[in-house]
Structures are given as C-alpha cells and as structure tokens.
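Remarks on the overall topology
Here are the chains, one letter per residue:
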Amino acid sequence: MKNCILRIAVTSLLLLGAGLAAFADENDFTVNGFNYRILTEETVTLTGCRDNMYNAIIPETISYNGQNYSVTEIDYSAFSEKKVIYCTIPNSVTKIRMSAFKSCPDLVQVIMGNSLLEIETSAFEACPKLTDVTLSSSLTTIGTSAFSQCSSLEYINIPKSVTAIGPAAFTRCSNLKSIRIDGAVTKIEYSTFSGCSNLSAVILPSSVEEIEYNAFVDCTNLNSITFSPKIIGSYAFAGCENLKVINWGDCLEEIGEYAFRKCNSIQNLELPQNLQKIGKRAFEECNNLATVSYKENLSEVEEYAFCRCRNLTSFDLSPEVHVSAPKTIGYAAFANCNKLASTHRLNAGVIGGAAFAGCDLTSLKDIITDATTLIGAAFSGCTKLTSVTIPRGVTQINPGAFINCDNLTEVIFEAEKCTVISNSAIYPSKAVFSPGITKLTIGNQVTQIPECIFYGCTGLTSVDIPESVTEIGASAFNSCSNLASVSIGNSVESIGTRAFYSSGLISINIPDSVKKIEMEAFMNCRNLKSISIGRSVESIGRD
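Let's shift gears to the overall build of the protein. Counting its regular elements, the protein contains two helices and 44 strands. Expressed along its principal axes, the backbone C-alpha trace of the protein runs to roughly 120 × 75 × 35 Å. Counting only contacts in the protein whose residues sit at least 6 apart along the sequence, the fraction spanning at least 24 positions is 31%. In the protein, 41 positive and 53 negative side-chain charges are present, and the distance between their average locations comes to 5 Å.

Right, dumping it as structure tokens:
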C-alpha cells in the first residue's frame, strides 16, 4: 500500500514539473536574436541575446504568434558577460533588473529611453569600458552598486527625477571626473562615490540632507564640494587629500567621526552657523589646516577631532558672534597641534584629558574661563604657558592637567570648591602641576584647597591661605620640599592627611579655628623647628 502511494506521488511531481516546463517554454521565445518572456497579455521582459550581438538596439514592441507585446523590462543578467558594445534602450522599458549588464567587458555606450524608472542593483557593475551613459529623464531610482567599477566612466548627469541613489552606486569609478545631481535626492548613501580617484568637483542639490559614511572616501583628486547637508557621516571625505574648498551652507548640524581625516589640502575652515558637534578624529592629521572659525551653536568637539593638525594656529569663535554656549572638548581633541596659540572665546565647560597636550598656547583665558572640569593631562606639555588662572567655577581637576608645562611658574587658584579626582590607571602620578611653580595666589572666594592640588610643586617657597578657606585637603602641599613658610587663615577648621608631608616648613602657626589635624599632616618635615597649635584642636592624627 505504501509503495503504491509513493509511486502516485512521484508520478504527480513529474507531471507537475513537465507542466511547468511546458508553461515556461510557452512563455519564452526568441525574436531577431533577443530572448523574451511573457509577463502579461501585452508585455514582455527581455531575458537575453545571442552571443555575437555587438550593437543591441532593443525594440519597443515585438510580435509573436500573432500577438504584439511591449518590451517593458530588461531581466536579471540579460546581457551579463555578453560582448555587446552599444545598447539603445527604448521608451517602453521602465525597469532594468539586477545585474542586467554586469561584467560586460566591451560595453561602451548606453542610451536609455525616457520611460525608464528604475535601475536595479549591480545593473552595470564592472563594465570597464563604459564611457557614455545617458540616463532617462523619468528615472527615479539608481540601485546599489549600479555603476560600481565602471572604470572608464568620466561624466554622469543625474536628472531631476531621481529621488534615490543606492549605496556604492558609483564606487571605484576611477576615471569619473564630474558628477551633476539635479534631482530631489535627500541622501548620498554609504560608499556612493568612494574611490572615485579622479573626481575633482561635486555640486549637490539643496535637497541632500545627509552624507552617509564613506560616501566620498579616498576621492584623492576631489578639490571642491558644494552642498548643504544636516549630517556628514563617518569617513565621508576621509583621505580626500586635495580637497581645498568646502561650501557647506548653514544647515549642517553634525560632522561624523573621521569625516575629513587626512584631508591635507584644507587650510582654512569657517564652520557653519548651526553646527553642534564635531565627531571623533573628524579633522585628525589635516596637516595644512591653519585656522578654524566656529559659531555659537558648537557644543561638542569629540576626542582627537583636530589631533596632530600640526599647522593649526587658531580655533576661534567668529568675531560677529557675541554669545558663547557651554562646550565639551574631548580627549586629545587638539593634542599635538604644535602651533596652536589661540582659541579666542572658546570657554569650554568640560576639557578632556590631553585635549590641548603639546600645544603652543600662551594663555588659557579664553579656554577655561567658564570651565567646570579639567580632565587629566588636559594641558600637559604646553611649554609656552607661564601663568594659569584656575577660575571660580572649576569643580573637578584630574592629576596631570598641567604636567610637563616646563615654563609654568605662576598659578592663580580661584576655584571656590574643587575636587581632584585621581585615576591611577590613566595617570599614575598625583601631581596636577609641573614642579616649577614659584608663585601661588589663592583667591579670597576659595573655601577648600583640594587634595593633592599642589602635590610636588617644589618651586614653591611660601603660601598665604586666605580667610575664606575652611579646609586644607589631603596631600594638598605634599612633597613641596622648598615650601618654608605657610600662613594659614583664621577660618581653616581641618588639615587633611599628609597635607604638608615632606614639605620644607621651618615653622607653622595653626590658628584657633582648626579643630582637626589628620594623620601624618606634617610628617617628614625635616626642617620643622617650631609649631604652634591653636586651642580649638580636638583631634590630632598619629605621626
């Protein structure tokens, strides 16, 4: 019984297969060297051609078995790897399907009819001799990789009707010199023109709001770009080493990470009005960038954004702008910009670690006036700094903020209530400043001297602590080996652990306001000969 059922099933499948084959045969036919398949009672798709067809002039209509059909599509891989040289596509065709002309080694010219709406994925990919393409005036969509690796294509005009250009559509068209996009395209997708190494100028319509990642990466001869996007994606123009002129309108809000990295021909940048964020490494190693002017809406410069721009001399708020918003400067954002001497009216709120490390800054007045946080090594190696004012609003400083500032001799400390936050994994030393400070002024509004704030400042010989201070933090003057004289104001209530450890104190007068002296506060002060302790001290730590 089971064997009988199995034989019936197999027979049914064979009959079904034969029926489908017959149906396919009935719908596939050849006319004048072109292969077709019937789609509807009135339309066909072109599925292929004979091998020796060099000039493919596709008809609008064909007749088969007494029935007239309109040719509306060119099917999947219809001409792929064929030897066709010229192709004329009639007005009746509305769609060129995936890989239709892919890898045609000799294809030179394609003329498209005015009814074509869509070119699908990889339709003309890897046609190395294709030089002349006339796109349909009705075209709306150019698919992914549609013309990628067409290495002889020099010019392309994209009509107003086009609303979408797919990712990598023209990638590695290495001889493409000029593109014109007149359409309502809103986005340049990722890698659309990447590796177009001879592309020299690009003008994009105002409709384009976003340039996605890698869109123009390694377009090494690109000289100018005119556009008005809101977002420029990561790596969008990275490696465009000849890019000099950027006209970006006032719509731009964000520049993505690595967007213009190693664009070595950019010399001057005027950032647009609405720009809010510059991403990580966006302009890193732009070696000829000299000046940057920005507007008041810029709120964040991310890590390494201008790192190693060795000829950058200024990063300034445009002179016509009178208001500056709070800003964040990321880790190493301007690190090793050796010639950076001016950041007029920057006034950042948070300054990241190593943000200005190795710069030629001579003053920080326009950088940290409104600062609240100075993260480790923020100004390390700024050897031209001689004087620094830590403003009232600073609430956090990390060790290393001013380390290796070899010519820094004066600190004016006005931070009302500040904390030194140590992270030994990032910066193992406790020192905030270089040891060469010889003059320290503590402002009258300061209430707390943070722990470790002047650790290892061996150039200090005397310090006056004003009446406003109520607390001297742990290790505040630790290892200030030449600090011989300290005047402690009459409001200080506590002296922290190791506050003057290994200092050069000769004598010290602790006022009556002091209630607590933590352990080891004056330990290892080998020159200390006399100490006067006020009558309000309630506890003294060991040693």
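The next thing to look at is the pairing of strand β3 (residues 43–49). Of all seven residues that make up β3, six are buried, and the element is covered over most of its length. Relative to β3, strand β2 (residues 34–38) runs antiparallel, the two sharing five bridges. Residue isoleucine 38 lies in a different strand from β3, and its bridge partner there is valine 44. What sits between β2 and β3 in their antiparallel hairpin is a turn of four residues.

Once that is clear, we can look at the packing of aromatic side chains. Within this structure, the stated rule accounts for 32 aromatic pairs. Consider the rings of phenylalanine 334 and phenylalanine 356, whose centres lie 5.1 Å apart with planes at 5°: the pair is stacked. Residue phenylalanine 334 is found in the loop between β28 (328–329) and β29 (350–351), and its partner phenylalanine 356 is found in the loop between β29 and α2 (365–368); the two are separated by 22 residues along the sequence. You can call phenylalanine 334 buried: its relative accessible area is 0%.

Among the secondary structure elements, lysine 295 is positioned in the loop between β25 (291–294) and β26 (300–301). In sequence terms lysine 295 and cysteine 263 are 32 residues apart; their C-alpha atoms lie 22 Å from each other. Engagement of the side chain of lysine 295 in a polar contact is seen with the side chain of glutamate 270, the distance being 3.4 Å.

Here we come to the state of the cysteines. Applying the stated criterion across every chain yields a total of zero disulfides. The thiol of cysteine 196 is not disulfide-bonded; the next cysteine sulfur, from cysteine 219, is found 5.1 Å away. When its relative accessible area of 0% is taken as the criterion, cysteine 196 is described as buried. The thiol sulfur of cysteine 240 is not disulfide-bonded, and the nearest other cysteine sulfur, from cysteine 219, lies at 5.0 Å.

Strand order in the open sheet formed by five strands is β13-β15-β17-β19-β21, with parallel pairing between adjacent strands. Edge strands, defined here as strands with exactly one partner in the open sheet, are β13 (155–158) and β21 (245–247). For this sheet, the mean angle separating the axes of adjacent strands, direction not counted, is 0°.

With that settled, consider the pattern of salt bridges. This model, assessed by the stated rule, comprises 23 salt bridges. The closest approach of N and O atoms between glutamate 125 and lysine 102, which form a salt bridge, is 3.9 Å. Of this pair, glutamate 125 sits in the loop between β10 (118–119) and β11 (132–134) while lysine 102 sits in the loop between β8 (95–96) and β9 (109–111), placing them 23 residues apart in sequence. On the accessibility criterion, lysine 102 (28% relative accessible area) is partly exposed. With a shortest N-O distance of 3.2 Å, lysine 277 and glutamate 302 are connected by a salt bridge. One end of the pair, lysine 277, is in strand β24 (residues 277–278); the other, glutamate 302, is in the loop between β26 and β27 (314–317), with 25 residues separating them in the sequence. Taking relative accessible area as the criterion, lysine 277 reaches 26% and is therefore assigned partly exposed. Taken together, the shared-partner salt bridges connect Arg261, Arg281, Glu284, Glu285 and Arg308 into one network.

Of note, threonine 43 is situated in strand β3. Residue classification places threonine 43 among the buried residues on the basis of a relative accessible area of 18%. A distance of 2.7 Å separates a polar atom in the side chain of threonine 43 from a polar atom in the side chain of threonine 40. Not counting residues within four places of it along the chain, the set of residues in contact with threonine 43 comprises Ile38, Tyr69, Ser70 and Thr72.

Take the environment of glutamate 81 next. Along the chain, glutamate 81 turns up in the loop between β6 (67–74) and β7 (86–88). For the pair glutamate 81 and phenylalanine 101, spaced 20 residues apart in sequence, the C-alpha to C-alpha distance is 7.2 Å. Glutamate 81 has contacts with Lys102, Ser103, Cys104 and Pro105, leaving out every residue within four places of it along the chain.

Another aspect to go through is the sheet that holds strand β23 (residues 268–270). Strand order in this open sheet of three strands is β23-β25-β27, and the pairing throughout is parallel. The open sheet has two edge strands with one neighbour each: β23 and β27. Each adjacent strand pair in this sheet contributes to an overall mean axis angle of 10°, direction not counted. The sheet contact formed by β23 and β25 spans three bridges and is parallel. Counterpart to asparagine 268 in the pairing with β25 is threonine 291.

By the secondary structure assignment, serine 502 is in the loop between β40 (494–495) and β41 (507–510). For serine 502, the side chain forms a polar contact with the side chain of asparagine 524, separated by 2.8 Å.

Together, Ile531, Ile533 and Ile540 line one region of the surface with nonpolar side chains, adding up to about 270 Å² of accessible area. If you trace the backbone, isoleucine 540 turns up in strand β44 (residues 539–540).

With phi around 60°, serine 99 is a residue other than glycine that occupies positive phi space. Looking at where serine 99 falls in the secondary structure, it is placed in the loop between β8 and β9.

This brings us to the environment of serine 342. Mapped onto the elements of the fold, serine 342 is located in the loop between β28 and β29. Classification of serine 342 as partly exposed rests on a relative accessible area of 25%. Expressed as a C-alpha distance, the spacing of serine 342 and leucine 271, which sit 71 residues apart in the sequence, is 17 Å.

The rules behind these values
Residues numbered from 1 in each chain as written. Predicted model: local features only at pLDDT ≥ 70, side-chain atom pairs only at ≥ 80, totals over all residues. Heavy atoms only, no water. Helix = DSSP H or I, 4+ residues; strand = E, 2+ residues; numbered from the N terminus. Contact = heavy atoms within 4.5 Å. Lys, Arg positive; Asp, Glu negative; His and termini not counted. Charge placed at Lys NZ, Arg CZ, Asp CG, Glu CD. Buried < 20%, exposed > 50% of the residue type's maximum accessible area, 1.4 Å probe, protein only. Pairing = 2+ DSSP bridges. Phe/Tyr/Trp six-rings, centres within 6.5 Å; stacked < 30°, edge-to-face > 60°. Polar contact = N/O pair within 3.5 Å; in protein donor to acceptor, adjacent residues only side chain to side chain. Disulfide = S-S within 2.5 Å. Axes fitted to C-alpha atoms, helices over the stretch in contact; angles between N-to-C directions. Salt bridge = Lys/Arg side-chain N within 4 Å of Asp/Glu carboxyl O. Patch = residues over 30% accessible without salt bridge, like charges linked within 9 Å, V, L, I, M, F, W, Y side chains within 5 Å. Areas by Shrake-Rupley, 256 points an atom, 1.4 Å probe, with all protein chains shown as cover.

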